[in-house]
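Commentary on secondary and tertiary structure
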Amino acid sequence: YQGPVILAWREIEAQARGDTGRNLVIHEFAHLLDMANAEVDGVPDLEHVAAPTAWAAAFEGEYRRFLRQNRMGRSRLLDDYAGTSLIEFFAVGSEVFFSAAPRMLQELPTLYGLLRQYYQQDPAVWR
């Protein structure tokens with residue numbers, strides 16, 4: 001918290017070569033965005049979101065849905081690490097949002113929509 005972000009260059013290079021949905025840089029900066037409101041809880045500062053309370057509730061609902069799907073072996077797009085906490089769900093979800101957007105839009109459209117609203121970006125149309 002409030003310290004430097006330290007990244008492993010070899011991992012960054014390897015991830016940049018593939019379309020795995022993994023991206024350490026995005027993951028770590030998503031944590032910084034989560035910390036921006038002084039609460040590390042998986043819900044970033046939502047000042048620019050029209051209905052922040054509704055956004056946070058919907059995001060937590062997607063996290064709970066992910067946990068259920070993951071327990072049944074049905075979720076493969078997000079890494080299992082996303083299920084360790086809402087904090088990691090936001091970071092892993094952000095990775096996939098930017099690194100495998102078309103697939104996320106198809107498989108997890110509600111989560112994609114929430115992240116599109118937060119980031120004010122639509123990476124599925126970039127390709």
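Scroll up to find the structure this text is about.
A brief report on the enclosed structure follows.

Rules used throughout
Residues numbered from 1 in each chain as written. Predicted model: local features only at pLDDT ≥ 70, side-chain atom pairs only at ≥ 80, totals over all residues. Heavy atoms only, no water. Helix = DSSP H or I, 4+ residues; strand = E, 2+ residues; numbered from the N terminus. Rg over C-alpha atoms; globule rule 2.2 N^0.38 Å. Buried < 20%, exposed > 50% of the residue type's maximum accessible area, 1.4 Å probe, protein only. Contact = heavy atoms within 4.5 Å. Areas by Shrake-Rupley, 256 points an atom, 1.4 Å probe, with all protein chains shown as cover. Lys, Arg positive; Asp, Glu negative; His and termini not counted. Charge placed at Lys NZ, Arg CZ, Asp CG, Glu CD. Core = buried A, V, L, I, M, F, W, Y, C linked by side-chain atoms within 4.5 Å. Phe/Tyr/Trp six-rings, centres within 6.5 Å; stacked < 30°, edge-to-face > 60°.

Thoughts on the overall build of the chain
The helix and strand tally for the chain stands at six helices and zero strands. Ordered by position in the sequence, the α and β elements of the chain form the string α-α-α-α-α-α. The globule rule puts the C-alpha radius of gyration for 127 residues at 14 Å, and the 14 Å found for the chain is close to it. With the C-alpha coordinates aligned to their principal axes, the bounding extent of the chain is approximately 40 × 35 × 30 Å. Burial statistics for the chain: of 127 residues in total, 39% are counted as buried. Across the chain, every contact between residues at least 6 apart in sequence was considered, and the portion connecting residues at least 24 apart equals 52%. For the chain, the accessible area works out to roughly 7300 Å², and carbon and sulfur atoms hold 52% of it. For the chain, the centre of its 12 positive side-chain charges and the centre of its 17 negative side-chain charges are spaced 10 Å apart.

Examining unusual backbone geometry
Located in the positive-phi region is Ala38, a residue other than glycine, with phi close to 70°. The backbone of Gln120 sits at a positive phi, close to 55°, despite the residue not being glycine. For Gln120, the location among the structural elements is in the segment after helix 6 (109-119).

As for helix 6
Every buried residue belonging to helix 6 is among Leu111, Tyr112, Gly113, Leu114, Leu115, Tyr118 and Tyr119, and all of these are buried. Trailing helix 6 by a residue or two, Gln120 shows a phi angle of about 55°, which is positive.

Re the nonpolar core
One finds Trp55, Phe59, Leu78, Phe89, Met104, Leu111 and Leu115 to be the most contacted residues of the largest nonpolar core, which totals 29 residues. Taken together, the elements giving at least two residues each to this core come down to helix 3 (52-71), helix 4 (86-99), helix 5 (101-107) and helix 6. The greatest single-element share of this core, amounting to seven residues, is contributed by helix 4. Beyond its immediate sequence surroundings of up to four residues, Trp55 is in contact with Val43, Pro44, Leu46, Val49, Leu114, Gln117 and Tyr118.

A look at the packing of aromatic side chains
Taken as a whole and judged by the stated rule, the model has 14 aromatic pairs. Both rings, one in Tyr118 and one in Tyr119, keep their centres 4.8 Å apart while their planes meet at 75°; by these two values the pair is edge-to-face. Both residues of the pair, Tyr118 and Tyr119, count as buried. A connected cluster of aromatic rings, assembled from ring pairs, spans Trp55, Phe59, Tyr63, Phe66, Phe89, Phe90, Phe97, Phe98, Tyr112, Tyr118, Tyr119 and Trp126.

This is a description of form; function is not addressed.
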